[in-house]
Amino acid sequence: MVTSVAACTDEGHAEVLCVARYTYQGSSYQDVGNVKYTVGKKLGAATAPPCDDTGDSGGNEEPVGTGTPAYAVDGVSTRVAIAVGDTPETTRLYAVYSGANLPPEVQKLVDGS
């Protein structure tokens, strides 16, 4: 499952909903959706980039908040995917990908869910 940006109109104004994503150690990870996986060790903090839902960020490129705990995903390199959430039980899977193609390691998790 791939999360995408959605646009809605309300009285002629477009509203853009931000893609759920985090950055961790210089890589950007996008939400994969409802996938079964096993959470590994705690890695540190992942940060949510600012949401530019108006099309005018005003130059503000600072991450949102101080970060959310990031965890390894068993059997998957952290260069490919991480789990992000306040506790291991509340994490969601995020992967490095562009377009509609998930990395093969993550696609296996999706197919097994």
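Structure: above.
Keep in mind that what you see is a predicted model, and the values were worked out from it rather than measured. (Residues numbered from 1 in each chain as written. Predicted model: local features only at pLDDT ≥ 70, side-chain atom pairs only at ≥ 80, totals over all residues. Heavy atoms only, no water.)

1. Regarding the overall build of the protein
Part 1 of the argument: Looking only at helices and strands, the protein features 1 helix and 8 strands.
Part 2 of the argument: What you see in the protein, going N to C, is helices and strands ordered as β-β-β-β-β-β-β-β-α.
Part 3 of the argument: Within the protein, the fraction of its 113 residues that count as buried is 32%.
Part 4 of the argument: A total of about 7,000 Å² of accessible surface is found on the protein, and carbon and sulfur atoms cover 48% of it. (Helix = DSSP H or I, 4+ residues; strand = E, 2+ residues; numbered from the N terminus. Buried < 20%, exposed > 50% of the residue type's maximum accessible area, 1.4 Å probe, protein only. Areas by Shrake-Rupley, 256 points an atom, 1.4 Å probe, with all protein chains shown as cover.)

2. What about helix H1 (residues 104-112)?
Part 1 of the argument: Taken as a whole, H1 has its buried residues at Val 106, Leu 109 and Val 110. Around the axis of H1, the buried residues are gathered within 100° of arc, so they sit on the same side. Along H1, exposed side chains directed more than 90 degrees from the buried face belong to Pro 104, Lys 108, Asp 111 and Gly 112. (Arc of directions from axis to C-beta.)

3. So, the packing of aromatic side chains
Part 1 of the argument: Evaluation of the coordinates by the stated rule reveals 1 aromatic pair.
Part 2 of the argument: Pairing Tyr 22 with Tyr 94 gives two aromatic rings, centres 5.1 Å apart and planes at 90°, and the pair type is edge-to-face. With Tyr 22 in strand E3 (residues 21-24) and Tyr 94 in strand E8 (residues 92-95), this pair connects stretches of sequence that are 72 residues apart. Neither residue differs from the other here; Tyr 22 and Tyr 94 are each classed as buried. (Phe/Tyr/Trp six-rings, centres within 6.5 Å; stacked < 30°, edge-to-face > 60°.)

4. Some remarks on the pattern of salt bridges
A side chain with one charge can pair with a side chain of the opposite charge if their charged atoms come near.
Part 1 of the argument: Tallied over the full model, the rule gives 1 salt bridge.
Part 2 of the argument: Asp 31 serves as the salt-bridge partner of Arg 92, at 2.9 Å between the closest nitrogen and oxygen. Here Arg 92, found in strand E8, pairs with Asp 31, found in strand E4 (residues 27-33); they are 61 residues apart in sequence, far enough to count as distant.
Part 3 of the argument: The partly exposed category is assigned to Arg 92, whose relative accessible area is 36%.
Part 4 of the argument: Since its relative accessible area comes to 7%, Asp 31 is described here as buried. (Salt bridge = Lys/Arg side-chain N within 4 Å of Asp/Glu carboxyl O.)

5. Some thoughts on the nonpolar core
Part 1 of the argument: Judged by nonpolar contacts, the single largest core of 16 residues is most densely connected at Val 32, Val 73, Ala 81, Leu 93, Val 106 and Leu 109.
Part 2 of the argument: Taken together, the elements giving at least two residues each to this core come down to strand E6 (64-73), strand E7 (81-84), E8 and H1.
Part 3 of the argument: Of the residues forming this core, the biggest block, 3 residues, is contributed by H1.
Part 4 of the argument: Apart from residues lying up to four places away in sequence, Ala 81 is in contact with Tyr 29, Val 73, Val 76, Leu 93, Tyr 94, Ala 95 and Val 106.
Part 5 of the argument: Residues Ala 46, Ala 70, Val 84 and Tyr 94 belong to the second largest nonpolar core, which totals 8 residues. (Core = buried A, V, L, I, M, F, W, Y, C linked by side-chain atoms within 4.5 Å. Contact = heavy atoms within 4.5 Å.)

6. Details of the pairing of E4
Part 1 of the argument: One ladder, built from 4 bridges, connects E3 with E4; its direction is antiparallel. In the sheet register, Arg 21 faces E4, and the bridge partner there is Gln 30.
Part 2 of the argument: Where E3 hands over to E4, the hairpin turn is made up of 2 residues, of which Gln 25 adopts a positive phi near 45°.
Part 3 of the argument: In this structure, E4 lies alongside E8, joined through 3 bridges in antiparallel fashion. Paired with Gln 30 across the bridge in E8 is Ala 95. (Pairing = 2+ DSSP bridges.)

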